[in-house]
Structure formats: structure tokens, C-alpha cells
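# Structural overview
In case you want the letters, here they are:
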There are 2 protein chains.
Amino acid sequence: MTVDGERLVRRLKELGAVGVDQDGRLTRLAATDADKAGRDLFVRWAKEAGLKVLVDRIGNIFAVYETPENSGTAPIMMGSHIDTVIDAGNFDGCYGVLAGLGIVETIMAEGIHLARPLVVAAFTNEEGVRFTPDMMGSLVYVGGMDAEVALQAVSIDGKLLGYELERIGYAGKLDPELPAPEAYVELHIEQGPVLESLGMQIGVVEDLQGISWQRITIDGVANHAGTTPMDLRRDAGYAAAKIMEFVHERAMEYNTEMVGTVGSVHFEPNAINVIPSRATLTVDLRSPKEERLLEAEAALAEELTSISNALGVTARSEILARTQPVQFCDDIVARIEQVAELRGFKSVRITSGAGHDAQMMARLCPTAMIFVPSAKGISHNPDEYTPDRDLINGAHVLLDVVTDLAGKH
Amino acid sequence: MTVDGERLVRRLKELGAVGVDQDGRLTRLAATDADKAGRDLFVRWAKEAGLKVLVDRIGNIFAVYETPENSGTAPIMMGSHIDTVIDAGNFDGCYGVLAGLGIVETIMAEGIHLARPLVVAAFTNEEGVRFTPDMMGSLVYVGGMDAEVALQAVSIDGKLLGYELERIGYAGKLDPELPAPEAYVELHIEQGPVLESLGMQIGVVEDLQGISWQRITIDGVANHAGTTPMDLRRDAGYAAAKIMEFVHERAMEYNTEMVGTVGSVHFEPNAINVIPSRATLTVDLRSPKEERLLEAEAALAEELTSISNALGVTARSEILARTQPVQFCDDIVARIEQVAELRGFKSVRITSGAGHDAQMMARLCPTAMIFVPSAKGISHNPDEYTPDRDLINGAHVLLDVVTDLAGKH
């Protein structure tokens, strides 16, 4: 079987043109007018293909392909999200949703009778830019967050999610009458440089990193940079530098089992000739192993104490986000690897560094992900790019895995 | 002889109440209405004391005490400045000017006949907050900058200095007909913690640090904090941390011969989950020894190259300011030390970490400075404080040194 690659590429472009703001930036934040326009386009395509479209209370869209023979059995679900960050690229999320739709169309066109229904999901607010938390739609869907609570989320522009979903026409009245999926497979761009740098076509995603986000605030004493001897300083900026260095070097030691980033820092008063009285920095630690993450968090806490004592500053840490690593389903991971090989694609097992709806779905059913290369690893950026050939390769792997999982009738 | 300590303390308070803005902050920036009000008050006090007041083209005020016997001989000059930073304290600069005035009044009251005139100078725009460069009035006075050029300086609020001085009535038409001083002695608060921490009453300032200010810009590559392996990163933030650490630790090694500060830093895009593409930081290096400063600058340049090569980033540096260290006059320094001892004050030789008009005056005539303690080393802040006793002690040392330098008639 062959997916219609040309159609997939054309649709990605067409959806990518929906929600371009006055500055020419693609910005389809969750439950905005732009998001509505994107949703409407996806729903139109799904309905034109003859699929049934369901919307649940949190606004997740499910495009369902079922036959009288398989109706009522647990479906195989594909999908991702179509909301975007600010100034986004065309591929993040949309690729998994539109490839899923294309696969259903291929199977329908080929007249294959599957033992299970297929569902293509577009989850609400995966990016988490307009509403917190991210991956909200899938989190609510798997029962990890109460829908009523989620609908009370307030956007960065001061609107209630429930109100906004109602306004754009995507507030489903009930949970959709779908049995829990038998399996979930999400196709996504890598958003990192590994596949490209290894010359691989397919990333077989076996796990997803846990994330630990902290904000660290260091309080020292502001003083004149010229008149305060080095040994009488309580320099919050120097303490921040030591922490930045620790985060980076600790992660380096763990090699592929950890990444650590200080992406954001702020000094006060931030003047050339004043010793910083306060430094605020963020720490982003990720590991596919919970044990490593716990170790790194403990080591960082210890380092904060030791730096504070040594430099006469105080340091406090605040948790901004914390998720555990996710192990995907061995069986599905192995199938992905097999079908990639059968199609003649070079594949490698890989860890997802970013968060995805699949990590929520893994709580509900056997789940895995398929990655395709991201040029230069760039994502969340208009320069996000995956060559057509790679996009189509990924869709073929998804087609084969899903067909395999759904079984012939 | 005894200075009128109560009057000195009262005048500092009175001048400190001039130029308080709507937010209750003392802000007497050079050549503003607030500065005019401060200048007017000083001029009124000087005239009430019977002094002749001269103003030169750059707005420096000279209150002159001369007698028929000593008129025309090179004077002994005291002074400092009365412009302030934003949200300033009462003592920085004003102390040296008002103590100088009080000393002239004491000598007049005592009926002492000096062999040389006394001059109390209030130099224009020492702080450099509203116009660049700082210490501008004294720099122009000693011939280090052309008055015409200085008068073209544009303020942070877009006004020409020449226009502003004209507007507030402090644009003197000619260079004042004063012979170059025989000596200059500036009394100032320390603005650092050394005297207080050592339990000393008087700082005998033997030299003044050279200052090297640089802005360093590091360019790396922005990438996803979760998906970019540590060894594929070009992290501008980590490079910045290494530089911050180097600046601090290099200065620590030199102990009292160097201070080094990174007071200001900025990351781009400055997001928790994005590896910084750019980091900008300032470096403030100071040393009383030019040789040390040159060494540290060279070591920093070398470090930038080595960090750039190691981390795959580029680093460039831009000089923001550079002054050479100043050695004050051995003879005056020794006299200060002697009179402090005769008065029974505990004194210590000290290096000025901050810039002062005295460093400009040292180009023109034998010069030195006297420091009194700053509580907790705080300056450029409303919490700037020196106990009355210390203020009066310093004035007595200045009185004795100036009387000594001027000689009896």
C-alpha cells in the first residue's frame, strides 16, 4: 500500500497557511479564531473522506473510520495536535494528524477490511502556550485531569478555556462514545538533530524523557563593583554562573542519559558597575530514566547548598514542572522497527526529548511514536523543515504499523 | 582649629532635600532644574560666607577665598561634585564640597592668614548619568577634553549640555581667571566597606584604580533544550557562565590588586526550554596597577578564544570605558597620614575603587584624597550613610592638610 504523499505535503502547506498573523507569523494558539480555522479545515477534510467527527468536552477532535463489522470494538488511534506555538513551523503536530487522515483514506481507497476502527485524534492545547498545562487535551482524555478543572483554565489573554471552546464551536457536550483505544501511535517530526546527524530516516521512539523544570533565585548583596574587595562580596551573579556550569557539566557526564539547560537568566539590578543582588535562572533537566532525574535533582539541591555556603548567598528553588519518563510499548516499538526495515528505511531507536500527547496516551493504552528527521533539529520556528521524502517515509511506516495493529477482518 | 560639625551635617541634609522627585528619590542629574537648585544653594552659602564665585564654560563652580596678600598665587583647591545618580544618597560628592566650604569658613573665622588662596570646586557632571563621559567637568578643567566638544554632549533625555547649562544659568563665558592649583585634596565617602570592616576612621587614599569596561557578546545556536544532545550544543549561556566564572576567579587570584565583576547579563531568546543563541554580558575590571589590568584584559581575551573554540560559539568584545590607574602625590598622602595621627584617628592607606574628580585633577597638580567610612559600603543608594562623627573627623583632617599646604602668611 502506498500513501498519497503529494496530498499529505499539500495539506501540510494548506493548514500551515491558516492562522498567519499580521506579521506573517504562523500562530494558531489553542481555542483562538486561528485554531478554529485550522480545526474547521481538518474537520472538512475528515468529513469529505467520509469519517465521523466527534468532539469531546475539552475540544479534542476524533475523526473515526469504522465499519459495521468492527463498530464498537476498541480502535487503533493515531494523531497529535494542530495548535501551534507563536511563530511556528508547519510540521509540529499537524504532521501526525494529517498523516493519520491520509492513512485512513488509503485504507478506505484500497478497500481493506480492518478488524478494528481507526481514529485520528487532534488533541486540544498540546503546546500549552495560551493555557497551562501543555498536553492538556490528551491529559484530560486519559483521565489525568478533570475536564471541569481544565475548562476553568485562564489564557494568557485572560479568557476561560471553556468559554473559548464554546465560542469557536468546539465544546463537545459529552465524552465521545468511543471505547478506549487498543493502541495509540503518534507520528511526529523529531524536533532535534539526532536522526539527521546519524543519516537515519526513521526514529523508533522507545521512550520519552521525564522533565524537571525549576526556577532558582539567588539572593546576594548589591555593592559597588569598584570598591568592594573580592573577599567581601556576596555576588548572586557569580553564584548563578557556578550553577549554570554545574547544570551543563553534570548533564555532560551522563552523556546520552541526560540533558540540562539554563535557558533563562535575569540579574538585578543588572548594571555594569554593581555586584548583582539577585540572580534568577531556570533549569531544564530531562532524562529517559527517572532514577537519573532524581539523582540530578538531588545533586543540584546539594550544589545550591554548597554554593550558598561558600559564597554567602541564599538560594531557593521552585518547581515549575515535573513529569516522569515514559517507556513506550515494547511490542509496538518492535513492530515499528520491523516495518521500517521491511520498507528499506534506515532506523534507530531514539528517546523523545520533547513532550507529546503520546506520553499521556501511554497511561491509557499501549503507545509508541515514530519520528522523522528535522532539518538542523530546528522546531518551534518558521525554519522547521522536514523534506517531503522523509514525511512520506514516516507516513508509510505509520500505515504499516496501524494496519498491522488493527488486523485484517 | 575646629570645624563646625553641626553646620556641615545640617547642610548635607539640606542639600540632600533638593531635587527629590515625585517618587521621593533624590535625583539631581547634571544640568537639570534639580541640579540648578542644588548649585544655587551652594552658591548662596559660598556668597554668604563672603567668597567670590566663578563659573567656567563647562559649568564648574569655583568658590574662591583670597586675600590681598595672597591674590594671584596658585591656590589650594578642595572640592568634589554635587550632581547625583538616580535615587542617590546625601553624601557622595556633596560631602567634599560642603566640607571644603566649612573649612574656608573656619579659617576665615579664626583669622588665619594663608600664603595661598583656597578654592572650593563643584565640578559638573561627575556621575555621568545624564551626559557621557563621567567626571566631565574636571576632565575639561584639566584640559583632557575640549570644552566645545563637551558642550555638544547629548543627554539621555536628548538635550545638549551647552543648552542646558545656559538654561539653568551656569554657562560661564570664559575660563575662570584662576592660576592652576598648587594642590588638590578631595574628601569623600569611601563608597566601599573596607574602612568600616577594619574599624578605621580615615582612609588615606594613595591611588585610584584603573577601570576596564567591556561588553562581551557570545553567539551560539538556539535549539530545543529537550531534543538537542549535550555534545551537539553551541550554548551561548554556558559560555557566558564560563566567562563570569573566569572574571571572578581571576580577580580572586590577584587578591587586593584586582576586582572583577559581571554585573549585567542578557540571554536570547531567554526561554526555559531553548538553548540560548546569544548571551551579552558586561565585564568590569579594576586595578590600582596598570600592569595587572593589562594582564587581566589579555587573559580575558585569551579565555574568550579558548571558550569559543571549545564550545563552538563566537565571542566578541567591545571596550565601553578604559582609564589608567592614578598614583596620588606621595607628599600629600604622607601629610594626610600625619595629620590623621596627630588628631588621634585610626587611618589606613587605601585604594579608591571608584572614579573621582581627583583622578582628573592629578593630571594638573599634586593631588590626593581622604576617605571616611561608608556604612556597609553602600553608595549610590538612599541607604548611603556615614555617621556624623566620621564626617566631622574627615573635615578636620582636610582642614589640617589644607592649612598645611596653603602655608601661613
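Residues numbered from 1 in each chain as written. Chains lettered and ligands numbered in written order. Predicted model: local features only at pLDDT ≥ 70, side-chain atom pairs only at ≥ 80, totals over all residues. Heavy atoms only, no water.

### Observations regarding the overall build of chain A
Using the following cut-off: In this description a helix means any DSSP run of H or I spanning at least four residues, a strand means any run of E spanning at least two, and both kinds are numbered starting from the N terminus. With C-alpha atoms as the basis for the radius of gyration, the globule rule is written as 2.2 Å multiplied by the number of residues raised to the power 0.38. Buried residues are those whose accessible area, probed at 1.4 Å on protein chains only, stays under 20% of the maximum for their type, while exposed residues exceed 50% and partly exposed ones sit between those limits. We call two residues contacting when some pair of their heavy atoms lies within 4.5 Å. Using a 1.4 Å probe, the Shrake-Rupley method yields the accessible areas, and only the shown protein chains count as cover for residues. A residue counts as positive if it is Lys or Arg and as negative if it is Asp or Glu; His and the chain ends are not included. Taken as the charge centre is NZ of Lys, CZ of Arg, CG of Asp or CD of Glu, depending on the residue.
Across its full length, chain A holds 12 helices and 16 strands. For chain A, whose C-alpha radius of gyration is 23 Å, the value lies close to the compact-globule estimate of 22 Å for 409 residues. Overall size of chain A, expressed as C-alpha extent along the three principal axes, is 80 × 45 × 35 Å. Expressed as a percentage of its 409 residues, the buried residues of chain A come to 61%. The long-range share in chain A, meaning contacts at least 24 apart out of those at least 6 apart in sequence, stands at 80%. Working note: accessible area of chain A is about 15300 Å², and carbon and sulfur atoms make up 50% of it. Within chain A, the 60 negative side-chain charges are centred at a point lying 3 Å from the centre of the 36 positive side-chain charges.

### Side note on the packing of aromatic side chains
Each pair of aromatic rings is reported with the distance of its centres and the angle of its planes. All names here are of chain B. Rules: Working definition: rings of Phe, Tyr and Trp (its six-membered ring) pair if their centres are within 6.5 Å, and the pair is stacked with planes under 30 degrees apart, edge-to-face with planes over 60 apart, and tilted otherwise.
Across all of its chains, the model carries 10 aromatic pairs over all chains by this definition. Each ring, one from Phe91 and one from Tyr385, has its centre 6.3 Å from the other, and the planes form 80 degrees; the classification is edge-to-face. Placement of the pair is Phe91 in the loop between strand S3 (76–81) and helix H3 (94–110) and Tyr385 in the loop between strand S16 (367–372) and helix H12 (388–406), with a sequence separation of 294 residues. Since its relative accessible area comes to 9%, Phe91 is described here as buried.

### Focus on the domain arrangement of chain A
Residue and element names in this part refer to chain A. Here is the rule we go by: Annotation comment: domain bounds sourced from an automatic or database domain assignment. Take the accessible area each of two parts loses on contact, using a 1.4 Å probe, and add the two losses: that sum is the buried area. Polar contact is the term for a pair of N or O atoms within 3.5 Å; when the atoms are in protein, one must be able to donate a hydrogen and the other to accept it, and sequence-neighboring residues count only if both atoms are side-chain atoms.
The domains assigned to chain A are domain 1 (5–208 + 325–406) and domain 2 (210–323). Relative to domain 2, the C-alpha centre of domain 1 lies at a distance of 36 Å. Taken together, the eight residues of domain 1 in the interface contact seven residues of domain 2. The junction of domain 1 with domain 2 conceals about 520 Å² of combined surface from both sides, 56% of it contributed by carbon and sulfur atoms. At the boundary of domain 1 and domain 2, one finds one residue pair in polar contact (both at pLDDT 80 or more).

### Quick word on H12(B)
Residue and element names in this part refer to chain B. In plain terms, the rule: Working rule for helices: expected span equals 1.5 Å times residues minus one.
When the terminal C-alpha atoms of H12 are compared, their 27 Å separation across 19 residues agrees well with the 27 Å that a helix rising 1.5 Å per residue should span. Across the 19 residues that make up H12, a large majority, 16, are buried. Gly407 sits one or two residues past H12 and shows a positive phi near 75 degrees.

### Thoughts on the packing of helix H1 (residues 5–16) of chain B against helix H2 (residues 33–48) of chain B
Residues and elements named next belong to chain B. Note the following rule: Only the stretch in contact is used when fitting a helix axis, every axis being a line fitted to C-alpha atoms; angles between N-to-C directions are given from 0 to 180 degrees. Any angle that is under 35 degrees is reported as roughly parallel, and any over 145 degrees as roughly antiparallel; angles of 65 to 115 degrees are reported as roughly perpendicular and all others as oblique.
The interhelical angle for the contact between H1 and H2, taken along N-to-C directions, is 150 degrees, at an axis separation of 10 Å. Considering their axes alone, H1 and H2 lie roughly antiparallel with respect to each other. Contacts between H1 and H2 involve Arg11, Glu14 and Leu15 on the former and, on the latter, Gly38, Leu41, Arg44 and Trp45.

### Quick look at the interface of chain A and chain B
Let me state the cut-off plainly: Definition used for salt bridges: Asp or Glu carboxyl oxygen within 4 Å of a side-chain nitrogen of Lys or Arg. As a working rule, the residues Ala, Val, Leu, Ile, Met, Phe, Trp, Tyr, Cys and Pro are called nonpolar, Asp, Glu, Lys and Arg charged, and the rest polar, with Gly in that last group.
Contacts between the two partners involve 54 residues from chain A and, on the opposite side, 54 residues from chain B. At the boundary of chain A with chain B, the tally comes to four salt bridges. B:Lys242 serves as the salt-bridge partner of A:Glu245, at 2.8 Å between the closest nitrogen and oxygen. Taken together, chain A and chain B are joined by 16 residue pairs in polar contact (both at pLDDT 80 or more). Counting only elements with at least two residues in the side of chain A that touches chain B, the list comes to helix H7 (194–198), strand S8 (223–224), helix H8 (236–253), strand S9 (259–261), strand S10 (265–268), strand S11 (274–275) and strand S12 (278–287) of chain A. In terms of residue count, the dominant contributor to the side of chain A that touches chain B is H8(A) (10 residues). Residue classes in the side of chain A that touches chain B are distributed as 25 nonpolar, 20 polar and nine charged.

### Digging into a nonpolar patch on the surface
Our working definition: Nonpolar side chains (Val, Leu, Ile, Met, Phe, Trp, Tyr) within 5 Å and like charges within 9 Å form the patches, drawn only from residues with over 30% relative accessible area and no salt bridge.
Taken together, the side chains of A:Val154, A:Leu160 and A:Tyr163 present a nonpolar region at the surface, about 300 Å² in accessible area. Along the chain, A:Val154 turns up in the loop between helix H5 (147–151) and helix H6 (161–168).

### So, the relation of the copies chain A and chain B
Rules: What sets the superposition is a least-squares fit of C-alpha atoms, and only residues with pLDDT of at least 70 in both copies go into it.
Superposing chain A onto chain B requires a rotation of 180 degrees together with a translation of 0.0 Å along the rotation axis, leaving an RMSD of 0.1 Å. What we have between these two chains is a two-fold relation. For chain A, the minimum C-alpha distance to the rotation axis belongs to A:Ala241 and amounts to 2.3 Å.

### Looking at the packing of H1(B) against H3(B)
Residues and elements named next belong to chain B. Heads up, the condition is: In this scheme, a crossing is called left-handed if the near helix is turned counterclockwise away from the far one by less than a right angle; it is called right-handed if the turn is clockwise.
Between H1 and H3, the shortest axis-to-axis distance is 10 Å and the interhelical angle comes to 140 degrees. Between H1 and H3, the interaxial angle falls into the category oblique. Our pair here, H1 against H3, has a crossing hand that is right-handed. Across the interface between the two elements, Arg7, Leu8, Arg11, Leu12 and Leu15 from H1 touch Cys94, Tyr95, Leu98, Ala99, Leu101, Gly102, Glu105 and Thr106 from H3. Considering only residue class, the contact of H1 with H3 consists of eight nonpolar, two polar and three charged.

### Quick look at the pairing of strand S6 (residues 202–208) of chain B
For a regular strand, the rule is simple: side chains alternate between the two faces of the sheet. All names here are of chain B. Put simply, the rule reads: Here, a strand pair is defined by DSSP locating no fewer than two bridges between the strands.
Of all the seven residues making up S6, six are buried; the element is thus mostly covered by neighbouring parts of the structure. Relative to strand S15 (residues 347–352), S6 runs parallel, the two sharing six bridges. Looking at the pairing, Leu208 lines up with Ser352 of S15. Both S6 and S16 contribute to a ladder of three bridges, which runs antiparallel. Note that in S16 the partner of Val204 across the bridge is Ile370. Strand direction decides the pairing type here: S6 and strand S14 (residues 326–327), joined by two bridges, are antiparallel. Its bridge partner lying in S14, Leu208 is registered against Val326.

### Some words on the UniProt feature "binding site: Zn(2+) 2" (unreviewed entry) in chain A
Residue and element names in this part refer to chain A. Selection criterion: UniProt positions are given in the numbering used here, feature names are shortened, and annotations may be inferred rather than shown by experiment.
Listed under "binding site: Zn(2+) 2" (unreviewed entry) in the UniProt record, and renumbered for this structure, are Asp92, Glu127 and His380. A stretch of 289 residues holds the annotated residues, and the largest C-alpha distance among them is 9.9 Å, short enough that they meet in one place. Structurally, Glu127 can be placed in the loop between strand S4 (118–123) and helix H4 (136–141). On the basis of relative accessible area, Glu127 is assigned to the buried category, the value being 12%. Ignoring anything within four residues of it in the chain, the contact list for Glu127 reads His81, Asp83, Thr84, Val85, Asp92, Asp134 and His380.

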